[in-house]
Amino acid sequence: MIPLCDAHAHLADARVFPQHQALLEECRRHGMERVLVNAAQVSEWGNVMALMQREGVLGALGVHPFWPEQWDDTAERELLAHLQDPALRGRIVAIGEIGLDFWNGRDNARRQIEALARQLQIAREFHLPVCLHNRKSWEDFFGIVRDFGWNELRGYCHNFIAGTDIARRALDLGLHLSFNKPLLNPDARKVRASAAYAPLDRLLTETDSPDILPSPIHVSDILAALAQIRNLPVDAFASQIVLNFQSLFEAPLISREEVLH
Ligand SMILES: [Zn+2]
């Protein structure tokens, strides 16, 4: 069976959490090696931590740019307590989902920027990668990183849809690019160019389930599309994605010799 990794799913979301047992069972039947469950709101953190106890499930805690008002002193204290909890070590593998979203304007830009900046600092303090959601905000995002004086950042750009100019700047920082449904559109020239451009060891696959694709198992479609763009056999390419996932979020479990380079 071809091993699958979903780098970005919202199984802690109240819409799907009640069905997580069946969903994870379905994932296992389809060869899912890893699912990284991202939080969007503080109220989901408990569900993320419950899911992290399941085999193959890892978690990210954070506050999404749709809800910057949820990022306050209480949320920060709670996040720090979870990150320092020895029982959760190695299971909370990222800070996410965080970022800037100016799709609907910049009314709360200041709030979003403050929430992102603080969560980026916490990720750095704990040596954790970040899951980034940036929409109509790349210049602001790169500006924050520059203002910190950082020239490298571990993490990934979730549902990457930008062209190679933004891809190059993200990759130069050290970020991975995670691809989703937009890649399946044969006319999506910008995103497909970025998928062809990024180094093989910086690619990830995801579903954002239930929002963009209904279930993590649909990550197999993304994997097939990416393999085709890179002109590689799906099974070998799948091992590369597993390795990428593990080297970003955990100690690699398969050796480099087993995958293409
Ligand atoms: Zn998401």
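This structure is a prediction, so every number in the text was calculated from the model and none was measured.

Considerations on the overall build of the protein
Phase 1 of the analysis: Helix and strand counts for the protein stand at nine helices and eight strands.
Phase 2 of the analysis: A globule of 261 residues ought to have a C-alpha radius of gyration of about 18 Å, and the protein, at 17 Å, matches this closely.
Phase 3 of the analysis: Each principal axis of the C-alpha distribution contributes one length, and for the protein these read about 50 × 40 × 30 Å.
Phase 4 of the analysis: Counting all 261 residues of the protein, 44% fall into the buried class.

Examining the confidence of the model for the protein
Regions with low pLDDT carry predicted coordinates that are not meant to be interpreted in detail.
Phase 1 of the analysis: Averaged over every residue, the pLDDT of the protein is 95; residues scoring 70 or more account for 96%.
Phase 2 of the analysis: This stretch, residues 252-261, has a pLDDT under 50; its non-local contacts, to residues over four places away or in other chains, come to 16 contacts.

Digging into the packing of helix 8 (residues 219-229) against helix 9 (residues 234-249)
Phase 1 of the analysis: Interhelical geometry of helix 8 versus helix 9 gives an angle of 110° and a closest axis separation of 9 Å. When the axis of helix 8 is compared with that of helix 9, the two are roughly perpendicular. Where helix 8 abuts helix 9, its residues Leu223, Ala224, Leu226 and Ala227 lie against Val234, Phe237, Ala238 and Ile241.

What to know about the sheet that holds strand 4 (residues 92-101)
Note: strands within a sheet are paired through backbone hydrogen bonds, in either parallel or antiparallel orientation.
Phase 1 of the analysis: Taking strand neighbours across the sheet as the criterion, the eight strands line up as 1-2-3-4-5-6-7-8 in an open arrangement whose pairing is parallel. Two strands bound the open sheet, and with one partner strand each, they are strand 1 (4-9) and strand 8 (203-205). Averaged over all adjacent pairs, the angle separating strand axes in this sheet is 25°, with direction ignored.

Describing the environment of arginine 77
Phase 1 of the analysis: Along the chain, arginine 77 falls in helix 3 (residues 73-84).
Phase 2 of the analysis: Looking at arginine 77, the number of C-beta atoms within 10 Å reads 9, which means it is exposed.
Phase 3 of the analysis: Linking arginine 77 and isoleucine 217, residues 140 residues apart in sequence, is a C-alpha distance of 35 Å.

Things to note about unusual backbone geometry
Phase 1 of the analysis: Residues glycine 96 and glutamate 97 are joined by a peptide bond in cis, for which omega reads 15°.
Phase 2 of the analysis: Its place among the elements puts glutamate 97 in strand 4.
Phase 3 of the analysis: Look at aspartate 208: it is not a glycine, yet its phi comes out positive at around 60°.
Phase 4 of the analysis: Structurally, the position occupied by aspartate 208 is in the loop between strand 8 and helix 8.
Phase 5 of the analysis: With 21 C-beta atoms packed within 10 Å, aspartate 208 lands in the buried category.
Phase 6 of the analysis: The residue asparagine 231 is not glycine, and still its phi comes out positive at about 55°.
Phase 7 of the analysis: Mapped onto the elements, asparagine 231 comes out in the loop between helix 8 and helix 9.

Focus: the nonpolar core
Phase 1 of the analysis: Core analysis: the biggest nonpolar cluster contains 72 residues, and Leu36, Val37 and Leu226 have the highest contact counts within it.
Phase 2 of the analysis: In contact with valine 37, not counting residues within four places along its chain, are Ala9, Leu11, Ala12, Val48, Leu51, Val57, Gly59 and Ala60.

Definitions and cut-offs
- Residues numbered from 1 in each chain as written.
- Predicted model: local features only at pLDDT ≥ 70, side-chain atom pairs only at ≥ 80, totals over all residues.
- Helix = DSSP H or I, 4+ residues; strand = E, 2+ residues; numbered from the N terminus.
- Rg over C-alpha atoms; globule rule 2.2 N^0.38 Å.
- Buried ≥ 20, exposed ≤ 12 C-beta atoms within 10 Å, placed from the backbone.
- pLDDT = per-residue confidence, 0-100.
- Contact = placed C-beta atoms within 7 Å.
- Axes fitted to C-alpha atoms, helices over the stretch in contact; angles between N-to-C directions.
- Parallel < 35°, antiparallel > 145°, perpendicular 65-115°, else oblique.
- Pairing = 2+ DSSP bridges.
- Core = buried A, V, L, I, M, F, W, Y, C linked by C-beta atoms within 7 Å.

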